[in-house]
Amino acid sequence: MKDTATESTTRPRNPVRGALASFDALTLTCAGVLALLTLAAVAGPLAGVGGDPTAIVGPRLAPPSAEYPLGTDSLGRSLLPRVIEGVGTTLVVSAVAVLCTAVISTAGGIVAGYHGGAVNGVVMRIGDVLYAFPAIILAILVASVVGPGRTAALVSIVLVTVPLMTRMVGAAARLVCVRDYVTAARISGVSAPRIMVRHVLTNVSGTVAVQTTYALSVAILVEGGLSFLGYGVQLPASSLGLLIQEGTVYMVKAPWALLAPSVILVLAIVAINVIGDSLRDRFEPRKARSL
Amino acid sequence: MNHLLRVDGATVDYTTRHGATRALDGANLTIAPGERVGLVGESGSGKSTLGLLVGRLLPAGARVGGTITVDGRDVLSLRPGDLRALRREVLGFVPQDPVGALDPTLRVGRQMRLALRGSAGEDGNPADLLERVRIDRPDRVLRLYPHEISGGMAQRIVIATVMAAAPRLLVADEPTAALDAQSREEVTGLVMDLAESEGTSVLWLSHDLRAVGRWCDRTAVMYGGRVVEDGSTRAVLDDPRHPYTRALSRSDPAHAVPGRRLPAIVGGPPTLVAGAPGCAFAPRCPRAVADCEGHRPLPLTVDGRTVLCLRPETETTVPSDVKAAS
Amino acid sequence: MRILTWLPGRLLGAAVVLVGASALIFAAVRFLPGDYAQIVLGPLASAQEREALRTEFGFDRTVGEQYLLWLGQAVTGNFGHSLASGQPVAGELAARLPVTALLTAMAVVWTVVIGVPLGILAGTRTGTTRSTAAGRLVSSLGVSVPDYVLAAVVVFALSSLPLGPSVGAVGAPAQDLGGTLLALLPPSLVLAVFTIAATARATRDAVLNVLVEPHVSAAVARGETRLFIITHHVLRNAAVPVLTLTGTITAMLLGGAVIVESVFDVSGLGSYLVQGLGRRDYPVIQTCVLLATTVFVLMSLIVDVVTGLLDPRVAVSGRSR
């Protein structure tokens, strides 16, 4: 400890560069890909890249060209602005849903982990019930009740991702809550909410970060799946799943219409999963040994 | 002299995220057949590294130098098959965490039979082996899973299994650290008795100076990855010549004098890097002079033991009451 | 017997989950805004039909009683009538179930035969950093390519290239088992890609976790060979976390079947559900969801029992998921 202190005074380090340097190249590339996609989704429509996504501008199913960089769809709309809009829709729906999941699961997991016993049992049973529904099947049930659209996608994602994340956070919180410093805080009269925030939340933040990342990739998958079946985001809006679904209809005549949204979707999910793995390795390190 | 184990100038380096660190820094040690050697030193002094090195059991990424000879075989250059044969036939290891050393998914009897397969103890009946380590109703114990038995019981099972193969050299890495005081005495006695009857040499890594003083013929003291004092247990523990050994034996609670504060060793253990000059203990040493920082001490023979020090203590300065307590 | 100490608790847990899930499925449709009879029977039903349905479902009783009535009928195999065809859902389901069972069973076979060995290989061979990174990327791709993209690409490839099995309606396996198996080969592989990658990753992690355990170090110190240690001390230990994943994999396969069956035009449970969703055919939707959930819960229960038998600690420490 003393050595590190003297080292950091003699050699000041840029904290941002230090944090970046601790991740490997693959992880950083993936973070870059995500940043680029987000930037495109935000700046693209503002700058009017590719024109109006809903306007019918050219021939139907035209291959990529200088005028239509990603080609046109079956109605003659330029695909580039539609893909950009689709990325935005997918990211926004997924991010909002995952934010809800993170809040619900972190709160639920910490409360369950802190109280243990019956409270833990009830929270985990509720999670078990939701967990018993295969993701896309739960999404279909939701869509059949609330009707197709953004709300269905949002609610489905939350219901699909909450059980697993609550269970993971709950397990991590349980481990923290039986530690001596939490017991010590309880004995010395610190209030339960304060312990949950000060001691438990700070110590499960790694798990929360890892699980939120994974939940985001599940969210994109579910949104895409529901839109693919035609019950997620509805026309004339656009989302990656919807574009893929449209692409499959004409994929023999116009494979590019399927290719662009598929590649972007896969890229986004791979990037998020790689970042999730990297975060997990960071927060749950494991020593390697040879036989 | 014919040594069973000979460690000559052993070095072990690791490359970590924070740079290179050195776990062993030219350690020397010999063990004769049948000899019981206690290896003492604080955490991080290199005891465990040295113990594992004897069977080339260090984690991947360890860079090893020097020579280690066991039973005339050059351990560091053995081919995988020969290395396994050495581990199987000549060496025995007793770990610190006995419950963890048992496969959690197998009943005790089944894993003992698996472990004994192909070794000298193959024909041994596991129940008889358990009786040798004084376990009552061995047939019942053989049917239990590791999570159903106590640490003391698990350590006896491990010892029974290891000793069934009649190893020539037993390396025990703080085998009693996880046990309660009662089991500690019994398990230590058990290992030493079994080793004596089999003619097995013992390398006993320990913090417990009292146990080492009671059971070991010779004591080697490690500091900073080197063996700094090595001689008969009586000489080393009762009349230390290296300033570190002296400080260590003074800070042993067993030597506590009622009403007097137990002297602590000032400072913390060193973090070693390869090729550092000087004596690793110099920064904490009350007798250090300028030379100690710049020159590595060479082995000196003083009063029948080897000391790695430029200025070894010359006379008995341990208070007589402390001496009596040991 | 040891198993009797924890099995009743597990059975109770599974029952609670099933009751909760079925209640949710019932409530979701029962509390749709609007007239339940009209929703269930469609706008074209006559007043008498609606009245008959109300009596059948006991609308004069409490909600709890209605649920029990519905559940009781479902348990005895009476899932009501499809709104679209007017046929009993049970009969239509019976015609479609074998195909889905076959499809998912094939996917399970691929998962076990390909995923587990890959994971063991990745866990026990500590390769160069470059090969490790490559493995990471490939397995990440495996869990990241959505089934709908993969299915679309495979259908595209099969229909545009003369590769053998053509894509077409896959019917009941009873008439032509060989033909059905061949036709199900591409969809089952597509279905299995995700679970193969997920299983390989879980197996690799499990193997790596066991390798750092002290009992493995102890076996190394005894001079055991690498192969012996892996087969006798690693695999059994690593099997537990991999097996606990099986329940999740079942869920993935059932969910994946919905997509894959739709894309490959396989008339099984999944495409039935999607069809039902398209027609707002609530009895069909309820039945399919209930069935998928039941299968998942039963699989998890079986896995729990097997895990408890494999690793005695699980029985003591409770669920290890």
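Residues numbered from 1 in each chain as written. Chains lettered and ligands numbered in written order. Predicted model: local features only at pLDDT ≥ 70, side-chain atom pairs only at ≥ 80, totals over all residues.

1. Concerning unusual backbone geometry
The backbone of Arg56(B) shows a phi angle near 50°, a positive value even though the residue is not glycine. One can find Arg56(B) in the loop between helix H1 (47-53) and strand S4 (63-70). Here Asp265(C), not a glycine, exhibits a phi torsion of approximately 60°, which is positive. With respect to the helices and strands, the residue Asp265(C) is situated in the loop between helix H10 (226-264) and helix H11 (269-278). (Helix = DSSP H or I, 4+ residues; strand = E, 2+ residues; numbered from the N terminus.)

2. As for the interface of chain A and chain C
At the interface, 41 residues of chain A touch 46 residues of chain C. Among the elements of the structure, helix H5 (117-131), helix H6 (135-146), helix H9 (192-229), helix H10 (240-249) and helix H11 (255-283) of chain A are those that each provide at least two residues to the side of chain A that touches chain C. It is H11(A) that contributes the most residues to the side of chain A that touches chain C, 10 residues altogether. Among the residues forming the side of chain A that touches chain C, the class breakdown is 28 nonpolar, seven polar and six charged. (Contact = placed C-beta atoms within 7 Å. Nonpolar A, V, L, I, M, F, W, Y, C, P; charged D, E, K, R; others polar.)

3. Considerations on the packing of helix H4 (residues 79-115) of chain A against H11(A)
Residue and element names in this part refer to chain A. Viewed as axis vectors pointing N to C, H4 and H11 meet at an angle of 30°, and their least axial separation amounts to 11 Å. Judged by the angle between their axes, H4 and H11 are roughly parallel. Crossing hand, H4 versus H11: right-handed. Contacts from Leu-79, Val-83, Gly-86 and Val-87 in H4 reach Ala-257, Ala-260, Pro-261 and Ile-264 in H11. Residues belonging to the contact of H4 with H11 are distributed by class as follows: seven nonpolar, one polar and no charged. (Axes fitted to C-alpha atoms, helices over the stretch in contact; angles between N-to-C directions. Parallel < 35°, antiparallel > 145°, perpendicular 65-115°, else oblique. Left-handed = near helix turned anticlockwise from the far one by under 90°.)

4. Details of helix H7 (residues 150-177) of chain A
Residues and elements named next belong to chain A. Its 28 residues place the ends of H7 38 Å apart at the C-alpha level, agreeing with the 40 Å of an ideal helix rising 1.5 Å per residue. Along H7, the sharpest kink reaches roughly 35°, centred on Val-162 and followed within four residues by the proline Pro-163. Counting buried positions over the 28 residues of H7 gives 22, a clear majority of the element. (Expected span 1.5 Å × (residues − 1). Bend = angle between axes of the 7 residues up to and from the residue. Buried ≥ 20, exposed ≤ 12 C-beta atoms within 10 Å, placed from the backbone.)

5. Observations regarding the sheet that holds strand S2 (residues 19-31) of chain B
What the four strands build is an open sheet, ordered S2-S1-S4-S5 (chain B); its pairing is antiparallel. Looking along the sheet, the strands with just one partner apiece sit at the ends: S2 and strand S5 (73-74) of chain B. (Pairing = 2+ DSSP bridges.)

6. Overview of the nonpolar core
Core analysis: the largest hydrophobic core is formed by 254 residues, its most contacted members being Ile137(A) and Ala151(C). Looking at which element gives the most residues to this core, the answer is H10(C), with 18 residues. If we skip the residues at most four places from it in the chain, Ala151(C) touches Val190(C), Ile259(C), Val260(C), Val263(C) and Phe264(C). (Core = buried A, V, L, I, M, F, W, Y, C linked by C-beta atoms within 7 Å.)

7. As for the confidence of the model for chain A
Residues and elements named next belong to chain A. Mean pLDDT for chain A: 81, with 89% of residues reaching 70 or above. Counted against residues more than four places away or in other chains, residues 1-12, with its pLDDT under 50, gives two contacts. Between residues 287-291, whose pLDDT stays under 50, and residues either more than four places distant or in other chains, the model counts 12 contacts. (pLDDT = per-residue confidence, 0-100.)

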